[in-house]
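Chain by chain, the residues:
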Amino acid sequence: QGPLVESGGGSVQAGDSLILSCAASEDTFRNNWMAWFRQAPGKAREGVATLYPGGTQTRYAGSVKGRFTISQDNAKNTIYLQMNSLEPDDTAMYYCAAGPQPWSLRSYTYKIWGQGTQVTVSS
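Caption draft 1: Quick look at the packing of aromatic side chains. On inspection of all chains with the given rule, the structure shows six aromatic pairs. Aromatic pair Tyr 95 and Trp 113: ring centres 6.4 Å apart, planes at 80°, arrangement edge-to-face. Of this pair, Tyr 95 sits in strand 9 (residues 92-99) while Trp 113 sits in strand 10 (residues 112-113), and the two are 18 residues apart along the sequence. The partly exposed category is assigned to Trp 113, whose relative accessible area is 23%.

Caption draft 2: Structural detail: the side chain of Arg 38. Within the secondary structure layout, Arg 38 lies in strand 4 (residues 33-39). In terms of polar contacts, Arg 38 uses its side chain to reach the side chain of Tyr 94, at 2.9 Å. If we ignore the near neighbours within four places in the chain, the residues touching Arg 38 are Ala 44, Arg 45, Glu 46, Val 48, Ser 63, Val 64, Phe 68, Asp 89, Asp 90, Ala 92, Met 93 and Tyr 94.

Caption draft 3: Looking closely at the state of the cysteines. Enumeration over the complete set of coordinates arrives at one disulfide. Across a sulfur-sulfur distance of 2.0 Å, Cys 22 and Cys 96 are joined as a disulfide pair. Negative torsions about the S-S bond denote left-handed disulfides, and the value of about -80° found for Cys 22 with Cys 96 makes this one left-handed. Here Cys 96 lies in strand 9 and Cys 22 lies in strand 3 (residues 18-24), a separation of 74 residues in the sequence. Neither residue differs from the other here; Cys 22 and Cys 96 are each classed as buried.

Caption draft 4: Looking closely at the sheet that holds strand 3. Overall, antiparallel pairing links the four strands, which are arranged 1-3-8-7 in an open sheet. Of all strands in the sheet, those with a lone pairing partner are strand 1 (4-7) and strand 7 (68-73), marking the two edges. On average, each strand axis in the sheet is tilted by 15° relative to the strand beside it, whichever way the strands run.

Caption draft 5: A look at unusual backbone geometry. Although it is not a glycine, Asn 77 adopts a positive phi angle of roughly 50°. With respect to the element layout, Asn 77 can be found in the loop between strand 7 and strand 8 (78-83). Here Trp 103, not a glycine, exhibits a phi torsion of approximately 70°, which is positive. For Trp 103, the location among the structural elements is in the loop between strand 9 and strand 10.

Caption draft 6: Spotlight on the pattern of salt bridges. On inspection of all chains with the given rule, the structure shows five salt bridges. Salt-bridge contacts for Arg 67 lead to Glu 87; the nearest nitrogen and oxygen are separated by 4.0 Å. In this pair, Arg 67 sits in the loop between strand 6 (58-60) and strand 7 while Glu 87 sits in the loop between strand 8 and strand 9, placing the two residues 20 residues apart along the sequence. Residues participating in the shared-partner salt-bridge network are Arg 38, Glu 46, Arg 67, Glu 87 and Asp 90.

Parameters at a glance
Residues numbered from 1 in each chain as written. Predicted model: local features only at pLDDT ≥ 70, side-chain atom pairs only at ≥ 80, totals over all residues. Heavy atoms only, no water. Phe/Tyr/Trp six-rings, centres within 6.5 Å; stacked < 30°, edge-to-face > 60°. Helix = DSSP H or I, 4+ residues; strand = E, 2+ residues; numbered from the N terminus. Buried < 20%, exposed > 50% of the residue type's maximum accessible area, 1.4 Å probe, protein only. Polar contact = N/O pair within 3.5 Å; in protein donor to acceptor, adjacent residues only side chain to side chain. Contact = heavy atoms within 4.5 Å. Disulfide = S-S within 2.5 Å. Pairing = 2+ DSSP bridges. Axes fitted to C-alpha atoms, helices over the stretch in contact; angles between N-to-C directions. Salt bridge = Lys/Arg side-chain N within 4 Å of Asp/Glu carboxyl O.

So this is what it looks like as structure tokens:
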């Protein structure tokens, strides 16, 4: 088991909802910003949302703002991504990441990564 473990992906239809989970070690959770990224075949890796578990700060990509919500459960060292009104363009492998740079949605600023969980949205 790695330092970050994602779960919750699946196959849904457009308009449906999913919630993804990412369980972290206590040290990773307490000492980093955490984020969700996604990557579809033939496309660049895209930052989706980031959150600071030690506070209330969040940031979202424009493509998901208003549809997705990132949240935390400090007792479980876990972050979530609630995805509503899913679209076919949301189809991707979703990755959880942890790193020290505040507010970042750039993949190269993160050093700790999970294995990914697949989300497929059909029209």
